[in-house]
Amino acid sequence: MPADTSSDGNTSKKSSTSKKRKNHVKELDEASPKKKAHVGENGMTLSQREKRAMELLGSYLVERGGERVQAENFRCRVVQRPGGRYDSIFFSASNKRFKCMADVARFLNLENTPTKSQGGNNNKPSSRGKKEPEKRKLKRELDKLMKSRVKVAKALEDHNNEDISHQFSTAEDSRWDDGSNVSQAHNAGLIVPTPDIESFPGIPTHCIPDLLMVWNFLCTFGRTLSLEPIDLDDFAAALSLFCPSTKPTNSRPPEEQSTEEQTQLSPQVHIPVYLSECHIALLRLLVKDPTSDLWWWSVLETPEMVEQEDEYMNPMVKKRSASAVVKIDMEALLSVDEDPAVTRKWLQALEDVKTRKPDNSGPIKSAVKNAVAVTTNQHVKMYLKKAMRTWHAKSAGLVKRAVVWLVERVREARPDLWGRKVGEDEITEQKKLVAAEAALEMGNIVEDADMDVGDVNLEGDSDEESDSDDDEGSDNEDEYADQADAPNSPSKQSCSLTLKENDEITPVTSFVPVKPVPSVVDLLLPPAKPVVPSDLIHALTWPPVVGATSCRIFQWYKRRRNEVDDSIREFRELRPMSVAERRRRETSASLRILSECGDPLGGDPNHVQRAINHLCDGKRYLDLTAVQRLCILRILIEAAYDTHHVQLGIEDNFKARTNAVKALDAEERRAKKKAREELSAIESAARERLATEAREAFIERKRQELIEDIKDTKEYSAEFLESLNDDDIIDLDDETKAEYEALPTPESFNKGEVNAVVKNIQEETAFGAGSLTVLTLKKVEDMDEDYLKSLQEELDSFGEVDSREMSAKVDRVRQKITKFTDQMQTLPEERSSAIEVLKDAIQDGTIKTLRAAIKEAKLARLFGEDEENGGVWALDLLRDASLELKNAESRKRVTEAQKDLVAKRNKCFIRTEPLGRDRFQSSFVHFDHDKSSRVWAERDSIICDEDSTPRKAAVLMTNKKSASIGAPDMSDDFVNLDNRDQPYAKSFLSFARQEYHHTGELSTLARHHWSCYTTDRSLRAIVKNLDGRCPKENALKEVLKETLETLALAAGSEANSSADVAAPTVNADFRDKGDEEAFNQEKKRLSGADANMLEGMSSAIGRRVRLRRIPDPDRAPDVAEYSMATITGWKMENKPQSNGAHGETSEDAPKPQASLPIWRLGLDDGGELHVSAEETIEGIVRAVKWSTMCPGYVEHDAPFLSYRNGLGRFCGRAVEAPSSLTPQAFAKQMIKKEQDLYMPLKNRTFENNWGGKAGARQVWVSSLKECGDTFEADQDGLLTLENAFFELAGGFGIVEEKKEDEPESGTKSTLSGKELLYDNASRFDIELESLGSEVKGLWNNADAREIFQEIIKTCDTVGVLALGLDLVCRNAQAHIDRTKSSVARQPTATEESSGAYVGRRRAAATRPGAYADFFK
């Protein structure tokens, strides 16, 4: 750049710094400054400024890649602004103006960035203000990147330092085999350790998951259901109580029955209160929730109803087109030249069919008749006549399908009929396309070639049928139901059979399943959904109502299952399934919807449908098996999960749980902070100890130096040295003081030195001593030998004994030697046992086992006082156990501090999460409402070859058939049949089936093995078998340690505080064999039946016992507690006996002693118990009967039979709850209902043969009060009440009586009410509800009454009687409402006030004519 020779050269030189150069280069690259900076304020003229600007322009053009001579073609003009600034403006030869040098360079096409800044850089405005925000932004982004880099580096370091086992995949973990005993046992199909509970009596093992799920839901959502929780054992006992296999029977004569069995057969059989309460609670929850509107009318759905609903809810969604059912030559039909106005007219006539229901046959026939009369197309006439061949009264589903198909095809082929301007060529192409598609559909239809359509009668009584069908369409026929009707003519029969054969190739057009035939309960229920509260959801009616509700829910799930099947096939672009395939899938819907309830061993695969049909037919609930009862609860709970109330409860729990977790995290942070503070205090103490040790070592060294100096110089005396303290030694001279000040301070020690001292302090704190010396077992043994040698040397040092004192000392030393020598004989074995116990306790990690192990180790002389250091010495393994005990106590303190917060969090239930998993993917779960010491384990099955036969103990080893449960997958929905053998198809299916089992070999849900661990011994065995090297098992191990502290220790402490628990010294007296003689002697006292059960038992050791205890004999003598235990030992014990044969003896006289056998029991809930021989024998017999579900064995004093629901009390008062579903309770309900309806009915009739002088009403009430506890009396009483209400309502009226008197005319036979009830086809037309204003009496017609009487006469449950009573009361109330007077419907203020005092009847008479209107 040329030098600046002007007077402001210094200023120009200073402005040429590197920073301004960079700014200037960038500024010139982007845009030249709008205004030129001044050169200076020192008197330059405008011409000088213009000359200098031209020089700068030349230099700038050179830097941009041009030449200096190009600047000669431009001129410059400098202008002074009012503010004192100067602007340079350039002009070209053609007088084009340029504001800056950059504009000149762009004009000359010089776009290169200048490489050097100009000397006039100080003349350019600074861009520093513009760059500062950008710099700050870049700096913030750089800081973010640096922070991210630190986080990534830390994550990489943690990943590199992580155990390699953390990187194993799930599949690798499940196959991890280290050769240990646990892995070998698992691969062999064994369960280690052996579980305490694997099943409940009466509940199959494959139903354990359903049992746990149902019980957990009922307990978790107890507040939502207003249902108090119940124990799991009691719930299982209630489900299996009085099952068909365990109902009380008198198959054996009384003399062969035991006394306990005879007393247990006597009480009356009732449904357990908890089952009644939980079913009613679920019903109330479902009915009052708006989601029940989705499935309550599912049994009435038809494809047409669903299509109309879809059109209403989703008007923009195109519905599925109808399929062809009648053959037609569509090409010939479309080729007929018909007047468009005529075509539109007959199409409009057929449009009305779309809005009609299939059972609304009259209007459908009228529409077809009109279309045939209007059209001139013979092909259309023939098609409609063919369709009408399948027409039946109240069954026109095929006709509707045929008509809808024709209308859609014609509309698609003739778009010009509705005002669209379409060319002839386009219409022709559209006709060909529709004709081709129709021809493909015609290939799937087989029709009778000899069918004659000439005799089709389109006339008849369609108008009359239209009148009746428009108002009262029963909506009970779907488009497939009429295919099953028996035709009357051979031609119709041939057509029907052809349609059935075509089901294999006819595609489905709707996902609506076939409607079930209305059951007896459906006929008694009202048309509308029940409301809460009402008599329909009551303790008397819940079994049949539960059956009807389950039927509706199950029908709804069938539809949802069909929707899923269709959507999967549509997504996979597969052809729609056929009608026959859909029907086959619907028959196995129970296994597809509730797969877990199916029997995997080939038993009854349809528990769900059988249970529903049983209850819907009005049968006894107690006749259901335990699996069927479980299936019913599963259906209700599946629907309850979808209710708004449950979802709202879950959302509230989620919010509350979030707050509880935050509080718990805060408490955990506080505990961690406290632990850090304690560790910091220990570190400070360690540093102080190191500094103190260094100071003491320095003082001792200086003292020794002074002692050496005294020996040489004799400067100080010994007395003077002894009088010096530490401070005197430090201040002795300047050199010593300087050395002392140079000693290390507490903060100068490194981390390694401090950690070593911290460890020593922690060890000393664990033993509560000032110092600790850790020894190995070899050193401990050497120390014992040295101690023995020292005693021997002390004995030898005495020499000859010449005095009595010396003799006493020698004797004491000899006694010590003898005692210690005797201990040394058994000490190695005791120490070996103590070391093993210490190792197990360290692996266990719980306080109870660690304290016991440490105590045993101290007894084995692995711990003692260190006389040299004034502290203690201990074995290294004992030191580790003490440290582990300290950590366990610290964990316990933290757990106790967080106990309330954990309980608050657990109350906010979201779902039950497993405690953890082991290396074999087995889940361990603890349920909140289960017993505190129980942990459930879920294990996968191990698939073996079909030919191999696993041993009985290998419960996990099974073949594919036994491991499968439920219905298999429909492979056609995922892979087409043609591609199923391809490799990619096989790999896809194998991958998809890994969800069931990790092998991918099962096409169904896999059976899981559930078991429970409930004793301390088994729980600690689990912890011991878990390997800390596996990350999953290490995490599970830590959780189980905490669980043992909070769950199992509670039961253990109670057992230890019990008086019946034997001490360790007493337990040594018990033997684990040799009780054969005592056991056989006690068996002789049993009765014949009980003795036969124990015939093959020779010993009681190892047998299971069911104990019976009465907790409160004074307040609740009829309530007992039952628990399970195992006999672990026995002994003979002397006990005092009272013998009346010896006569009266004084109180001071000793009582005779007798040696009696005592057995020791290990309780499943923890602890031990010593029982007598009589209790042992009775417990074994009770356990055998309980586990085998012995006929006649019922525990009538079991806790679940005394259950009462304090939250809801749906069964009434606590005293009446057990008998809430008995005939006596129904009799009371019937008397109450009669009292409520008698007076309104009496006021509406002139003839009263029920009350008054006749006395029939009083006799009826008296008979129910006397004999109402029998079902037959209640049955007759309900029929009598119905007849009384029927007569009070006026019978059937004059019109109905005339119809009864008229003789039968015509050849058509009519069915009686009884025949209508037992005919499945006619059941769809039955309506027992008194609907409509034209009904004059209690029933719609005589058939309805006859059907009702037949139902009541043939029923055998109180629930059906209660539904019948409610139906009669509803019809009576409907009659009362229909016959209300005008005054009662629209009362005035005067009439209301008078009615309040003188009665409604007299108030109605205050107006002229109103009294007569009252009886209209």
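Residues numbered from 1 in each chain as written. Predicted model: local features only at pLDDT ≥ 70, side-chain atom pairs only at ≥ 80, totals over all residues. Heavy atoms only, no water.

Student: So what's going on with the environment of Glu1287? Residues and values would help.
Tutor: By the element assignment, Glu1287 lies in helix 48 (residues 1271-1288). Distance in space between the C-alpha atoms of Glu1287 and Trp1250 is 8.4 Å, their sequence separation being 37 residues. (Helix = DSSP H or I, 4+ residues; strand = E, 2+ residues; numbered from the N terminus.)

Student: Give me the lowdown on the environment of His538, citing residues and values where you can.
Tutor: Here His538 lies in the loop between helix 22 (520-524) and helix 23 (542-571). Each C-alpha atom of the pair His538 and Ser1220 lies 9.3 Å from the other, and the pair is 682 residues apart in sequence. Within the structure, the side chain of His538 is placed 3.2 Å from the backbone nitrogen of Leu540, a separation counted as a polar contact. (Polar contact = N/O pair within 3.5 Å; in protein donor to acceptor, adjacent residues only side chain to side chain.)

Student: Summarise the state of the cysteines; cite the residues concerned and give the values.
Tutor: Going through the model one piece at a time under the given rule, you end up with zero disulfides. Just so you know, Cys1211 is unpaired, no disulfide at all, and the nearest cysteine sulfur is the one on Cys278, 9.5 Å from it. (Disulfide = S-S within 2.5 Å.)

Student: Can you break down the sheet that holds strand 18 (residues 1168-1172) residue by residue, with the values?
Tutor: With respect to topology, four strands assemble into an open sheet ordered 15-16-17-18, the strand pairing being antiparallel. With one partner strand each, in any of the chains shown, strand 15 (1104-1109) and strand 18 form the two edges of the open sheet. Each adjacent strand pair in this sheet contributes to an overall mean axis angle of 50°, direction not counted. Those strands touched by helix 45 (residues 1173-1187) are strand 15, strand 16 (1121-1136), strand 17 (1153-1163) and strand 18, and its axis lies near 110° from that of strand 15. (Pairing = 2+ DSSP bridges. Axes fitted to C-alpha atoms, helices over the stretch in contact; angles between N-to-C directions. Contact = heavy atoms within 4.5 Å.)

Student: Help me get a handle on the packing of helix 17 (residues 378-387) against helix 18 (residues 397-413), residues and values and all.
Tutor: Here helix 17 crosses helix 18 at 155°, and the two axes come no closer than 9 Å. Between helix 17 and helix 18, the interaxial angle falls into the category roughly antiparallel. The residues of helix 18 that touch helix 17, namely those facing Val380, Tyr383, Leu384 and Ala387, are Val399, Ala402, Val403, Trp405 and Leu406. The residue makeup of the contact of helix 17 with helix 18, split by class, is nine nonpolar, no polar and no charged. (Parallel < 35°, antiparallel > 145°, perpendicular 65-115°, else oblique. Nonpolar A, V, L, I, M, F, W, Y, C, P; charged D, E, K, R; others polar.)

Student: I'd love a proper account of the sheet that holds strand 7 (residues 916-917), names of residues and values included.
Tutor: Read from one edge of the open sheet, four strands run 7-8-9-14, paired in antiparallel fashion. Bordering the open sheet on either side are strand 7 and strand 14 (1009-1013), each of which pairs with just one other strand. Here strand 7 runs beside strand 8 (residues 923-925); their pairing, made up of two bridges, is antiparallel. Residue pairing across strands places Gly916 opposite Phe924, the latter belonging to strand 8.

Student: An account of unusual backbone geometry is needed here, citing residue identities and associated values.
Tutor: For the peptide bond that leads from Val192 to Pro193, omega is -5°, which places it in the cis range. Within the fold, Pro193 resides in the loop between helix 7 (181-187) and helix 8 (208-220). Here Ser226, not a glycine, exhibits a phi torsion of approximately 55°, which is positive. Counting through the fold element by element, Ser226 comes out in the loop between helix 9 (222-225) and helix 10 (232-239). The backbone of Arg1209 sits at a positive phi, close to 55°, despite the residue not being glycine. On the secondary structure map, Arg1209 appears in the loop between helix 45 and helix 46 (1223-1242).

Nothing here speaks to function; it is all geometry.
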